[in-house]
Number of protein chains: 2
Amino acid sequence: MRRFLINQAKGLVDHSRRQHHKSPSFLSPQSRPLASLSRFFSSTSEMSASDSTSSLPVTLDSINPKVLKCEYAVRGEIVNIAQKLQEDLKANKDAYPFDEIIYCNIGNPQSLGQLPIRFFREVLALCDHASLLDESETHGLFSTDSIDRAWKILDQIPGRATGAYSHSQGIKGLRDVIAAGIEARDGFPADPNDIFLTDGASPAVHMMMQLLLSSKKDGILCPIPQYPLYSASIALHGGSLVPYYLDEATGWGLEISDLKKQLEEARSKGIAVRALVVINPGNPTGQVLAEDNQRDIVNFCKQEGLVLLADEVYQENVYVPDKKFHSFKKVARSLGYGEKDISLVSFQSVSKGYYGECGKRGGYMEVTGFTSDVREQIYKMASVNLCSNISGQILASLVMSPPKPGDDSYDSYMAERDGILSSMAKRAKTLEDGLNSLEGVTCNRAEGAMYLFPRINLPQKAIEAAEAEKTAPDAFYCKRLLNATGVVVVPGSGFGQAPGTWHFRCTILPQEDKIPAIVNRLTEFHKSFMDEFRD
Amino acid sequence: MRRFLINQAKGLVDHSRRQHHKSPSFLSPQSRPLASLSRFFSSTSEMSASDSTSSLPVTLDSINPKVLKCEYAVRGEIVNIAQKLQEDLKANKDAYPFDEIIYCNIGNPQSLGQLPIRFFREVLALCDHASLLDESETHGLFSTDSIDRAWKILDQIPGRATGAYSHSQGIKGLRDVIAAGIEARDGFPADPNDIFLTDGASPAVHMMMQLLLSSKKDGILCPIPQYPLYSASIALHGGSLVPYYLDEATGWGLEISDLKKQLEEARSKGIAVRALVVINPGNPTGQVLAEDNQRDIVNFCKQEGLVLLADEVYQENVYVPDKKFHSFKKVARSLGYGEKDISLVSFQSVSKGYYGECGKRGGYMEVTGFTSDVREQIYKMASVNLCSNISGQILASLVMSPPKPGDDSYDSYMAERDGILSSMAKRAKTLEDGLNSLEGVTCNRAEGAMYLFPRINLPQKAIEAAEAEKTAPDAFYCKRLLNATGVVVVPGSGFGQAPGTWHFRCTILPQEDKIPAIVNRLTEFHKSFMDEFRD
């Protein structure tokens with residue numbers, strides 16, 4: 001076995017071995033290190049309070065109030081506390097009743113031990129250091145198809161210059177590959193000139209928000225619960241978030257009647273609603289939309305003149321046999337809507353799927369149904385940042401065009417891919433069952449994406465205890481959970497939820513062998529918590 | 001010689017061979033393919049006009065007017081024309097009196113044949129595909145120090161997961177290396193917690209503008225001429241650009257009296273000036289500031305309560321023996337100003353220097369002199385985009401900590417580095433002399449950066465001809481130059497210039513063997529142009 005892999009495996013074993021050293025004592029008295037922070041989701045923890053005697057020119061009063069307003073729970077207070085605990089553990093491994101922090105707050109698979117797909121990394125390495133392609137030893141080290149693919153990619157890059165800025169939409173040859181991948185997926189044509197390659201999906205979302213939002217009078221229909229990138233981006237760009245609620249009782253269903261009601265209410269307040277955000281498969285909710293529901297959404301956007309912003313970054317993450325991913329573009333085209341009928345932006349990322357290459361910051365948006373003059377403005381916005389990173393661009397083309405039957409890497413690629421996806425499905429099911437077995441907790445099925453979003457029916461005493469600490473009740477629960485178990489989850493209040501309900505988001509990403517221990521810890525913690533606060 | 005290198009070299013030779021096929025006929029009658037575009041620096045050329053019968057919801061009238069206002073000349077109309085010409089040449093190599101488009105519009109060295117530094121690419125490849133580190137063949141293919149460095153970097157990444165999102169400021173171990181590099185450069189301490197790694201310098205600049213600008217009432221002092229990222233970013237974030245003029249007559253000197261005058265004038269209009277942008281070495285102007293001038297600037301910011309935004313991305317690009325790069329942080333600390341005295345942000349990028357790794361999108365900002373609560377806001381903004389790309393982060397650490405004497409790669413690294421920098425210096429000088437020999441053209445010395453910014457004294461008849469075409473006179477000149485020679489330069493009006501003066505920006509980046517031909521073509525074109533329009 002290999003040194004790098006051995007070391008990586010060793011790290012995982014060490015961690016899980018240490019986990020069994022201590023018998024967890026839940027609800028330890030030491031409480032939130034950051035209780036002094038006034039907002040729930042503020043940021044870095046290590047800094048001391050502002051020096052009032054300072055003569056520094058920038059103060060909270062003088063900065064852009066939109067920045068102040070923006071919140072991003074996924075990396076908010078709870079993560080700062082976790083990082084603090086982790087540092088304490090480094091200094092003293094007996095500081096807490098657990099040995100490691102398990103980050104279930106963010107869809108970051110490789111941080112929890114998922115290995116990258118070998119073929120993708122082979123191609124990236126060859127493109128990064130292309131003179132390897134001239135060496136005979138390379139043929140012993142790399143698969144034949146990775147070498148072929150690297151040559152093909154280099155030939156698509158003007159001057160083979162992987163270190164040059166590319167076209168601001170991304171390298172044309174890579175966009176051709178991506179468009180062909182979309183065509184193969186949907187069965188409808190895709191145009192490489194509609195593809196904008198970006199450093200992950202987030203900058204693409206920001207770009208569309210920046211384009212569409214001029215002031216508070218411009219609104220975006222957003223699901224509640226939602227991935228807080230949307231609320232953060234709408235806040236940063238000064239628009240209004242117009243919420244529509246996903247219906248937990250029907251597996252996070254999306255009711256057109258509710259959409260319509262919220263739209264009309266917003267319009268009656270003078271808000272021009274510009275777009276509808278749909279996240280499918282859902283984040284944080286994990287549902288996969290049914291095709292007829294998608295048809296209704298498309299028709300609604302068409303009738304109401306809304307841009308459809310389709311977050312489809314979990315398109316590869318579907319875990320149940322009765323659901324299938326359909327892109328909104330495919331649904332729209334199936335309904336007969338073309339380029340002149342509906343404005344549709346689809347976001348995709350290399351960070352999710354079975355690849356989970358978050359650190360590579362690759363992604364794209366497919367922009368269809370915009371007039372040429374508006375497209376020029378989108379291009380101009382892209383050009384101000386010159387281009388997205390080339391490794392991310394290459395990876396985006398690879399995930400849309402992985403090895404095919406007959407390719408040297410095909411069998412190992414399929415084994416890696418299926419291993420990851422089937423393990424994710426198992427982990428989702430084990431966690432879902434574990435959560436549903438807890439007193440007062442109900443958890444919808446994780447049909448897709450990387451998350452569970454259980455509802456916790458908190459006892460009144462717990463809600464009062466949270467209020468006494470000026471904390472949202474679900475944040476109170478999540479901090480207690482963290483302090484007792486080292487497991488980091490994100491309070492539902494960071495995503496939005498129906499008033500009076502409380503949730504948390506937990507990823508399904510810890511490695512499979514860790515899941516039973518996590519379920520045990522959650523179960524023990526929850527029991528103690530309920531015992532302490534039961535009415 | 002190696003296949004990859006041979007092929008790359010062959011491409012260059014083919015290009016230059018083809019260049020001699022035709023005798024250039026300047027001022028060909030075919031004129032601007034994009035004359036119909038109303039704004040000077042609009043974008044993509046291929047699209048047809050907006051379909052007025054369309055029912056699409058988004059129109060130029062309904063989008064964010066800040067986006068409409070934003071302009072970015074470096075990738076503006078002139079580049080669209082160039083791309084169109086390039087496509088025409090592909091279809092018909094005899095379409096124009098030249099064989100290739102030479103992009104002197106943008107600081108993109110590797111697009112013009114500069115090779116990446118081998119050590120950097122070795123480390124990136126090993127980090128991308130870390131299981132190479134387990135193979136014995138790797139020792140034959142990679143330098144010893146690249147292998148050591150890759151191990152060191154992997155050990156700095158939690159779980160060795162190069163595919164995971166990192167801390168939103170960047171991987172802590174890499175920030176340690178960068179801080180140590182800054183300390184070694186300046187002789188003053190640097191704190192890794194002050195470093196924010198970003199996808200190139202541009203997103204860092206946007207982040208600071210977003211923080212500082214709330215409305216038109218917030219201003220940023222910007223040099224004129226300036227790199228249009230600044231004007232674009234100020235426009236996108238809705239602030240006011242408060243111009244100060246660099247003095248061409250004194251080698252693009254920065255006069256504190258002018259700064260003061262502009263500041264007072266802005267304040268008298270009710271604009272709260274938040275920050276001063278200084279680009280050193282200068283872009284597009286190429287000057288390197290004298291240390292006593294820098295001291296005056298620091299004192300001015302201190303006295304006036306301005307954040308100093310120091311664009312120092314060309315810190316490695318200094319070509320004259322009588323000038324030296326000094327960071328503004330070093331200058332401020334030398335004056336005795338500490339963390340509580342002055343707010344200073346320094347931007348650095350892997351795109352410039354001798355490395356020129358534009359496509360990798362790596363960079364950082366060092367943020368000093370901000371209160372902890374404002375720092376938390378900056379961190380929050382960084383966290384909304386999760387993190388910058390890890391390859392770019394690694395590269396940023398490498399450029400701040402290249403091979404040292406005694407390392408396996410040291411000699412070859414130094415040869416590559418010095419070869420690139422001394423060739424840039426030669427190219428700058430040859431172009432500068434060539435430009436200064438033209439009738440009515442004066443060009444300041446390129447002391448640093450990657451550009452020349454010659455002033456062209458255009459005949460009145462040329463100015464009238466431009467006006468008749470509703471084009472800025474320098475844009476008129478640059479388009480004529482492009483259509484006649486295939487050389488792409490950017491009109492001075494894209495950077496700003498003293499009223500009534502006309503310039504263009506030309507990079508010094510075409511490979512050395514091409515420079516004489518470029519000077520000849522420029523000279524011939526200029527002569528014909530002057531003959532046509534001389535008063």
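Look up a bit, the structure's there.
Residues numbered from 1 in each chain as written. Chains lettered and ligands numbered in written order. Predicted model: local features only at pLDDT ≥ 70, side-chain atom pairs only at ≥ 80, totals over all residues. Heavy atoms only, no water.

1. Considerations on the pattern of salt bridges
Where charged atoms from two side chains of opposite charge approach closely, those side chains can pair. Applying the stated criterion across every chain yields a total of 62 salt bridges over all chains. Between A:Glu447 and A:Lys323 there is a salt bridge, with the nearest N and O atoms lying 3.0 Å from each other. Residue A:Glu447 is found in the loop between strand E9 (441-442) and strand E10 (451-452), and its partner A:Lys323 is found in the loop between strand E6 (307-311) and helix H12 (328-334); the two are separated by 124 residues along the sequence. Of the residues examined, A:Lys323 reaches a relative accessible area of 23% and is grouped as partly exposed. For B:Lys514, the salt bridge is made with B:Glu100, and the minimal N-O distance between the two is 2.9 Å. Taken together, the residues span a long stretch of sequence, with B:Lys514 in the loop between strand E14 (504-507) and helix H18 (515-533) and B:Glu100 in the loop between helix H3 (77-91) and strand E1 (102-103) at a distance of 414 residues. Side by side, B:Lys514 and B:Glu100 carry an identical accessibility label, which is buried. (Salt bridge = Lys/Arg side-chain N within 4 Å of Asp/Glu carboxyl O. Helix = DSSP H or I, 4+ residues; strand = E, 2+ residues; numbered from the N terminus. Buried < 20%, exposed > 50% of the residue type's maximum accessible area, 1.4 Å probe, protein only.)

2. Some words on empty space enclosed by the protein
Applying the stated criterion across every chain yields a total of nine cavities of 30 Å³ or more. Taken as a whole, the largest cavity holds about 800 Å³ of empty space. Surrounding the largest cavity, 35 residues form its lining, A:Pro203, A:Asn385, B:Pro203, B:His206 and B:Asn385 being those nearest its centre. Contributing elements (two or more residues each) for the lining of the largest cavity: strand E2 (195-198), helix H8 (201-212) and helix H13 (372-384) of chain A together with strand E2 (195-198), helix H8 (201-212) and helix H13 (372-384) of chain B. Residues belonging to the lining of the largest cavity are distributed by class as follows: 17 nonpolar, 14 polar and four charged. Roughly 190 Å³ of volume is contained in the second largest cavity. (1 Å grid on protein atoms, 1.4 Å probe; cavity = no way out; pocket = protein on both sides within 12 Å on 5 of 7 lines; lining within 4 Å. Points joined across faces, edges and corners; volume = space filled by probe spheres on them. Nonpolar A, V, L, I, M, F, W, Y, C, P; charged D, E, K, R; others polar.)

3. Topic: the relation of the copies chain B and chain A
The operation relating the two chain copies consists of a rotation about an axis and a shift along that axis. The two copies are related by a screw operation: chain B maps onto chain A through 180° of rotation and 0.0 Å of translation along the axis, at an RMSD of 0.0 Å. Overall, the copies show the geometry of a two-fold rotation axis. Taking the C-alpha atom as reference, chain B places B:Ala125 closest to the rotation axis, 2.1 Å from it. Comparing contact sets, 98% of the residues at the interface of chain B also lie at the interface in chain A, consistent with an isologous, same-surface contact. (Least-squares fit on C-alpha atoms with pLDDT ≥ 70 in both. Contact = heavy atoms within 4.5 Å.)

4. A closer look at the interface of chain B and chain A
At the interface, 125 residues of chain B touch 123 residues of chain A. In this assembly, chain B and chain A are joined by two salt bridges. The closest approach of N and O atoms between B:Lys360 and A:Asp128, which form a salt bridge, is 2.3 Å. At the junction of chain B with chain A, the criterion picks out 42 residue pairs in polar contact (both at pLDDT 80 or more). In terms of residue count, the dominant contributor to the side of chain B that touches chain A is H13(B) (11 residues). When its residues are assigned to classes, the side of chain B that touches chain A shows 50 nonpolar, 47 polar and 28 charged. (Polar contact = N/O pair within 3.5 Å; in protein donor to acceptor, adjacent residues only side chain to side chain.)

5. Notes on the packing of H8(A) against helix H9 (residues 228-236) of chain A
All names here are of chain A. H9 packs onto H8 with a crossing angle of 40° between their chain directions and a minimal axis gap of 9 Å. By the angle between their directions, the pair H8 and H9 is classed as oblique. The handedness of the crossing between H8 and H9 comes out as right-handed. Two secondary-structure elements touch here, H8 through Ser-202, Val-205, His-206 and Met-209 and H9 through Leu-229, Tyr-230, Ser-233, Ile-234 and Leu-236. Of the residues assigned to the contact of H8 with H9, the class counts are six nonpolar, three polar and no charged. (Axes fitted to C-alpha atoms, helices over the stretch in contact; angles between N-to-C directions. Parallel < 35°, antiparallel > 145°, perpendicular 65-115°, else oblique. Left-handed = near helix turned anticlockwise from the far one by under 90°.)

6. Here we look at the packing of aromatic side chains
All chains considered together, the criterion is met by 34 aromatic pairs over all chains. These aromatic residues form a ring-pair network of at least three members: A:Phe476, A:Tyr477, A:Phe504, A:Phe525, A:Phe529 and A:Phe533. When the ring centre of B:Tyr451 is taken as reference, the NZ or CZ atom of B:Arg505 above it lies at 3.9 Å. (Phe/Tyr/Trp six-rings, centres within 6.5 Å; stacked < 30°, edge-to-face > 60°. Lys NZ or Arg CZ within 6 Å of the ring centre and 35° of its normal.)

7. Focus: helix H4 (residues 118-128) of chain A
In terms of residue burial, H4(A) counts as a mostly covered element, since 10 of its 11 residues are buried. Along H4(A), the residues classified as buried are A:Phe119, A:Phe120, A:Arg121, A:Glu122, A:Val123, A:Leu124, A:Ala125, A:Leu126, A:Cys127 and A:Asp128. Contacts from the buried residues of H4(A) go to helix H5 (138-141), helix H6 (144-156), helix H14 (390-399) and helix H15 (410-436) of chain A together with helix H4 (118-128) of chain B.

8. Some thoughts on the sheet that holds strand E13 (residues 490-491) of chain B
Paired through backbone hydrogen bonds, the strands of a sheet run either parallel or antiparallel to each other. Residues and elements named next belong to chain B. Reading across from one edge, E10-E14-E13 is the order of the three strands in this open sheet, with antiparallel pairing throughout. The sheet is open, and its two edges are formed by strand E10 (451-452) and E13, each paired on a single side. The sheet contact formed by E13 and E14 spans two bridges and is antiparallel. Each residue of the ladder has a partner; that of Val-490, found in E14, is Arg-505. (Pairing = 2+ DSSP bridges.)

9. Concerning unusual backbone geometry
Residue B:Ile224 is joined to B:Pro225 through a cis peptide bond whose omega torsion reads 0°. A cis amide bond links B:Asn280 with the next residue in sequence, B:Pro281, at an omega value of -10°. Assignment of secondary structure puts B:Pro281 in the loop between strand E5 (272-279) and helix H11 (291-304). In this model, A:Arg361 sits at a positive phi of 50°, which is unusual for a non-glycine residue. Although it is not a glycine, B:Arg160 sits at a positive phi angle of roughly 55°. Take B:Arg160: it is sitting in the loop between helix H6 (144-156) and helix H7 (172-186). For B:Arg160, a relative accessible area of 17% puts it in the buried group.

10. Here we look at the environment of B:Glu265
Residue and element names in this part refer to chain B. Relative to the elements of secondary structure, Glu-265 occurs in helix H10 (residues 256-268). The exposure class of Glu-265 is partly exposed, given its relative accessible area of 37%. Separated by 23 residues in sequence, Glu-265 and Val-242 have C-alpha atoms that sit 9.2 Å apart.

11. Brief notes about the side chain of A:Lys330
Residues and elements named next belong to chain A. In this structure, Lys-330 sits in helix H12. Although Lys-330 is buried, it forms no salt bridge, and the closest oppositely charged side chain is Glu-291 at an N-O distance of 4.9 Å. Sequence-distant contacts of Lys-330, that is, excluding residues within four places in its chain, are made with Asp-186 and Phe-188. (Lys, Arg positive; Asp, Glu negative; His and termini not counted.)

12. Re helix H18 (residues 515-533) of chain A
Because each turn of an α-helix spans 3.6 residues, side chains separated by three or four positions in sequence point in the same direction. End to end, H18(A) covers 26 Å across 19 residues, agreeing with the expected 27 Å (1.5 Å per residue, within 8%). What H18(A) keeps buried is the set A:Ile515, A:Ala517, A:Ile518, A:Val519, A:Arg521, A:Leu522, A:Phe525, A:His526, A:Phe529, A:Met530 and A:Phe533. (Expected span 1.5 Å × (residues − 1).)

13. Side note on the side chain of A:Glu447
Residues and elements named next belong to chain A. On the basis of relative accessibility, which here comes to 8%, the residue Glu-447 falls in the buried class. Within the local environment of Glu-447, its side chain forms a polar contact with the backbone nitrogen of Val-288, the two atoms lying 2.7 Å apart. Here Arg-445 takes part through its side chain, which lies 2.8 Å from a polar atom of the side chain of Glu-447. Apart from residues no more than four positions distant in its own chain, Glu-447 is found in contact with Gly-286, Gln-287, Val-288, Asn-317, Val-318, Tyr-319, Val-320 and Lys-323.

14. Focus on the pairing of strand E4 (residues 240-245) of chain A
Residue and element names in this part refer to chain A. Judged by which residues are buried, E4 turns out to be one-sided: Ser-240, Val-242 and Tyr-244 face inward and are buried, whereas Leu-241, Pro-243 and Tyr-245, on the alternate face, are not. Examined bridge by bridge, strand E3 (residues 218-224) and E4 share six bridges and lie parallel to one another. Across the sheet, residue Leu-221 finds its bridge partner in E4, namely Val-242. Handedness of the β-α-β unit built from E3, H9 and E4 comes out right-handed. (Right-handed = clockwise from strand over helix to strand, strands pointing away.)

15. Some remarks on the environment of A:Asp418
Relative to the elements of secondary structure, A:Asp418 occurs in helix H15. Considering only alpha carbons, one finds A:Asp418 and A:Tyr354, 64 residues apart in sequence, at a separation of 8.2 Å.

16. A few points about the pairing of strand E14 (residues 504-507) of chain A
Where a strand is regular, its side chains alternate between the two sheet faces. Residue and element names in this part refer to chain A. Here E14 shows a buried face lined by Phe-504 and Cys-506 and a second buried face lined by Arg-505 and Thr-507. For E10 and E14, the ladder comprises two bridges, and the chain directions are antiparallel. Paired with Leu-452 across the two strands is Cys-506, which belongs to E14.

17. Digging into the sheet that holds strand E3 (residues 218-224) of chain B
Residues and elements named next belong to chain B. Here seven strands make up an open sheet; going across it, the order is E2-E8-E7-E6-E5-E3-E4 and the pairing mixed. The open sheet has two edge strands with one neighbour each: E2 and strand E4 (240-245). The sheet shows a mean angle of 20° between the axes of neighbouring strands, direction not considered. Sheet topology places strand E7 (residues 344-349) next to strand E8 (residues 363-368); six bridges connect them, and they run antiparallel. Of the residues in E8, the one forming a bridge with Ser-346 is Glu-366. Packed on one face of the sheet, H7 meets E2 and E8 and runs near 115° to E2.

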